[in-house]
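Observations on the three-dimensional arrangement
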Amino acid sequence: MGKDTLTITDNRTGKTYELEIKDGTIRSLDLRQIKVSKEDFGLMGYDPAFTNTASCRSQVTFIDGAKGILMYRGYPIEQLAEQSSFLETAYLLIYGELPNGEQLDEWEGNLKHHTFIHENIRKLLGGFRYDAHPMGMLVSMLGALSTFYPKSKRIRDPEIRKEQFYRLIAKTPTLAAFSFRHTRGLPMIYPDNDLSYAGNFLNMLWKMSEAKYEPNPVLEKALDVLFILHGDHEQNCSANAMRSVGSSEADPYCAAAAAAAALYGPLHGGANEQVLRMLVEIGSIKNVPGYVKRVKEGELLLMGFGHRVYKNYDPRAQIIKGIADQVFEVTGRNPLLDIALELERIALQDDYFVKRKLYPNVDFYSGLIYQAMGFPVEMYPVLFAIGRMPGWIGQWVEMLDDKEQKIARPRQIYTGYQKRDYLALDKRVPVADKAAVATQAPT
Ligand code: SDX
């Protein structure tokens, strides 16, 4: 094996350069020295959507897309789903180690202390229409939390940071449940700190006139495991948003609002909602071949399939399929499952999907469970956000403490007009619809 370097010859000048290879990467900044003249800015890498760019070093989550491996801080997701709890996993994602008994008790005690939200936030909810999407409400209220905790701007103070971890993890289910109750015109149910994290969430969602809500233990456990499975996923779109906004030293609530906004997109965490809508649209197994045909013709995406990193089965989807059986024991089988299984059966043998390495991802089956548990489709991305909050926090802390990181500010390739003089009003010709022609370099 030779040296860990890359020798590049610039054929424009005949010069050669030797760049260091470290951790399977070259530093993009090492390309800058490659110039054709002293005035030349030097080379950059061009990588739209960062498909081949490492933006950071991270110890939080490891994914092997080819082998379908997912580990949080080195622990396989299968073991955490089987043996851990969401709050214990949240601690692991943020602090890097599993808590001992005393640390876990203190962690859970502090989280219980922060489940309530300021009454003014509850009143803010009243400003939304009855049919407001709960994810839009969550994004708004996460940002609003920053106005109640101005000290959170002291992002380098470890004690102040810790308080925000508690608030973000503890209050997100309350914000989520309050948003749901608002859309149903139901009175808010306040947290019941006697219950577990998932149990209290179910309480705030479903409690009616009974004196004390008693969560179904199977559904409570299933929800806790689903939160674990959504805990983190390395540099996904929303984690990137959390890091990018956090890199300007904005407070963690504004960064979390940005992350939740990114997650809301149908290509990211909003996919679980789109999967259910897709299954309802398909309607029956006999319609599956026709739908798949439309996908293969490029008319539609098969929501819940495909992944930027996994080119194999998403390990989370496997585990979720197992949870579905347990939930359906309680709720009754979701008939849409048959359509989902048929879609998977066809896709896993059809060359269109096999060639593109499209497998079910975390969003393909989760919605079936949520629907069986009584959640409306609009709540699915909100459930994803609850699970992902500790991951966003873990990524945010790691970014802030990484000496290599600073404010995120990518470069660009400019394809716009060269210098031109201002045009007097009477000299202007009617412009075609700019948005329609924007992709053409201006002449
Ligand atoms: C999540 O990043 C993460 O880790 C995200 C996440 C997390 O935990 O944070 O795992 C959560 O967001 C899961 C993904 C949820 N989204 C969906 O299920 C939406 C449907 N999936 C696609 O939008 C897509 O697969 C992405 C966005 C997930 C990944 O897209 P990529 O990596 O940019 O892949 P691509 O668009 O370059 O696709 C490669 C080819 C293309 O075909 P060709 O142009 O080569 O002919 O595969 C096709 C795509 O058209 N393709 C699909 C498809 N996904 C990709 N065709 C049909 N249906 C699909 N779902």
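In terms of regular secondary structure, the protein chain is built from 18 helices and 5 strands. Since a compact globule built from 443 residues should have a radius of gyration of about 22 Å, the 25 Å found for the protein chain is in line with a globular shape. Principal-axis analysis of the C-alpha atoms gives the protein chain an extent of 80 × 70 × 60 Å. Residues counted as buried form 47% of the 443 residues belonging to the protein chain. Here the protein chain displays about 22900 Å² of accessible surface, and carbon together with sulfur accounts for 54% of that area. Each charge sign in the protein chain was given a centre, from 53 positive and 54 negative side chains, and these centres are 8 Å apart.

Residues W107, I169, F201, M278 and F375 are the most contacted members of the largest nonpolar core, which totals 118 residues. For this core, the element with the highest residue contribution is helix α17 (residues 380–401), accounting for 13 residues. Taken domain by domain, this core gets at least three of its residues from each of domain 1 (70–266 + 379–401) and domain 2 (271–371). Residues contacting M278, with those up to four places away along its chain left out, are Y291, L301, L302, M303, L343 and F364.

On to the domain arrangement of the protein chain, then. By the assigned domains, the protein chain splits into domain 1 (70–266 + 379–401) and domain 2 (271–371). Its C-alpha centre places domain 1 at a distance of 26 Å from the equivalent point of domain 2. Each partner contributes residues to the interface: domain 1 has 22 residues there, and domain 2 has 23 residues. For the pair domain 1 and domain 2, the summed buried area comes to about 1900 Å², and 71% of that belongs to carbon and sulfur atoms. At the junction of domain 1 with domain 2, the criterion picks out 0 salt bridges. On the surface where domain 1 and domain 2 come into contact, there are 7 residue pairs in polar contact (both at pLDDT 80 or more). Where the side of domain 1 that touches domain 2 is concerned, the elements lending two or more residues are α1 (77–83), α8 (217–229) and α17. It is α8 that provides the largest number of residues to the side of domain 1 that touches domain 2, a total of 7 residues. For the side of domain 1 that touches domain 2, the class distribution of residues is 15 nonpolar, 5 polar and 2 charged.

Remark: helix α11 (residues 271–282) packs on α17, axes separated minimally by 7 Å, with the N-to-C direction vectors making an angle of 150°. In terms of their interaxial angle, α11 and α17 are classed as roughly antiparallel. The two elements α11 and α17 meet at a crossing, and its hand is right-handed. Residues N272, E273 and L276 of α11 pack against Y380, P381 and F384 of α17. Here the residues of the contact of α11 with α17 are counted per class, giving 4 nonpolar, 1 polar and 1 charged.

Okay, the packing of aromatic side chains next. Evaluated as defined, the whole model comprises 22 aromatic pairs. Centre to centre, the rings of F86 and Y197 are 5.2 Å apart; their planes meet at 40°, and the pair counts as tilted. Taken together, the residues F86 in helix α2 (residues 86–95) and Y197 in helix α7 (residues 197–206) connect sequence positions 111 residues apart. Classification of F86 by relative accessible area gives buried; the value is 1%. Taking the relative accessible area as the measure of exposure, Y197 reaches 13% and is therefore buried.

Around the ligand, the structure places 23 residues, and the nearest of them are H233, L302, H307, R316 and R388. The contact in question runs from an oxygen atom of the ligand to an N or O atom on the backbone of G304, over 2.8 Å. Here an oxygen atom of the ligand sits 3.0 Å away from a polar atom, N or O, in the side chain of N361. When grouped by side-chain class, the residues that make up the shell around the ligand number 11 nonpolar, 7 polar and 5 charged. Shared between two domains, the shell around the ligand holds at least three residues of each, these being domain 1 (70–266 + 379–401) and domain 2 (271–371).

Below, the discussion takes up the packing of α8 against helix α13 (residues 315–331). A packed helix pair is summarised by two numbers, namely the angle formed by the two axes and the spacing between the axes. Look at α8 against α13: their axes get within 10 Å of each other, and the N-to-C directions meet at 165°. Put simply, α8 runs roughly antiparallel to α13. Crossing of α8 over α13 shows left-handed handedness. Mapping the contact onto sequence places V218, L219, A222, V225, L226 and L229 in α8 and R316, I319, I320, I323, Q326, V327, V330 and T331 in α13. Within the contact of α8 with α13, the residues separate by chemical class into 11 nonpolar, 2 polar and 1 charged.

Moving on, we come to the environment of E97. On the secondary structure map, E97 appears in the loop between α2 and α3 (101–112). For the pair E97 and N216, spaced 119 residues apart in sequence, the C-alpha separation works out to 30 Å. Excluding its chain neighbours within four sequence positions, the residues that come into contact with E97 are Y75, Y91 and L92.

Attention now goes to unusual backbone geometry. Its identity as a non-glycine residue notwithstanding, F50 has a phi of 55°, on the positive side. Within the chain, E234 stands out as a residue other than glycine whose phi angle is a positive 45°. Looking at the secondary structure, you find E234 in the loop between α8 and α9 (237–246). Residue E234 is classed as partly exposed on the basis of its relative accessible area of 22%.

Rules behind the numbers
Residues numbered from 1 in each chain as written. Predicted model: local features only at pLDDT ≥ 70, side-chain atom pairs only at ≥ 80, totals over all residues. Heavy atoms only, no water. Helix = DSSP H or I, 4+ residues; strand = E, 2+ residues; numbered from the N terminus. Rg over C-alpha atoms; globule rule 2.2 N^0.38 Å. Buried < 20%, exposed > 50% of the residue type's maximum accessible area, 1.4 Å probe, protein only. Areas by Shrake-Rupley, 256 points an atom, 1.4 Å probe, with all protein chains shown as cover. Lys, Arg positive; Asp, Glu negative; His and termini not counted. Charge placed at Lys NZ, Arg CZ, Asp CG, Glu CD. Core = buried A, V, L, I, M, F, W, Y, C linked by side-chain atoms within 4.5 Å. Domains from an automatic or database assignment. Contact = heavy atoms within 4.5 Å. Buried area = accessible area lost by both parts, 1.4 Å probe. Salt bridge = Lys/Arg side-chain N within 4 Å of Asp/Glu carboxyl O. Polar contact = N/O pair within 3.5 Å; in protein donor to acceptor, adjacent residues only side chain to side chain. Nonpolar A, V, L, I, M, F, W, Y, C, P; charged D, E, K, R; others polar. Axes fitted to C-alpha atoms, helices over the stretch in contact; angles between N-to-C directions. Parallel < 35°, antiparallel > 145°, perpendicular 65-115°, else oblique. Left-handed = near helix turned anticlockwise from the far one by under 90°. Phe/Tyr/Trp six-rings, centres within 6.5 Å; stacked < 30°, edge-to-face > 60°. Near = heavy atom within 4 Å.

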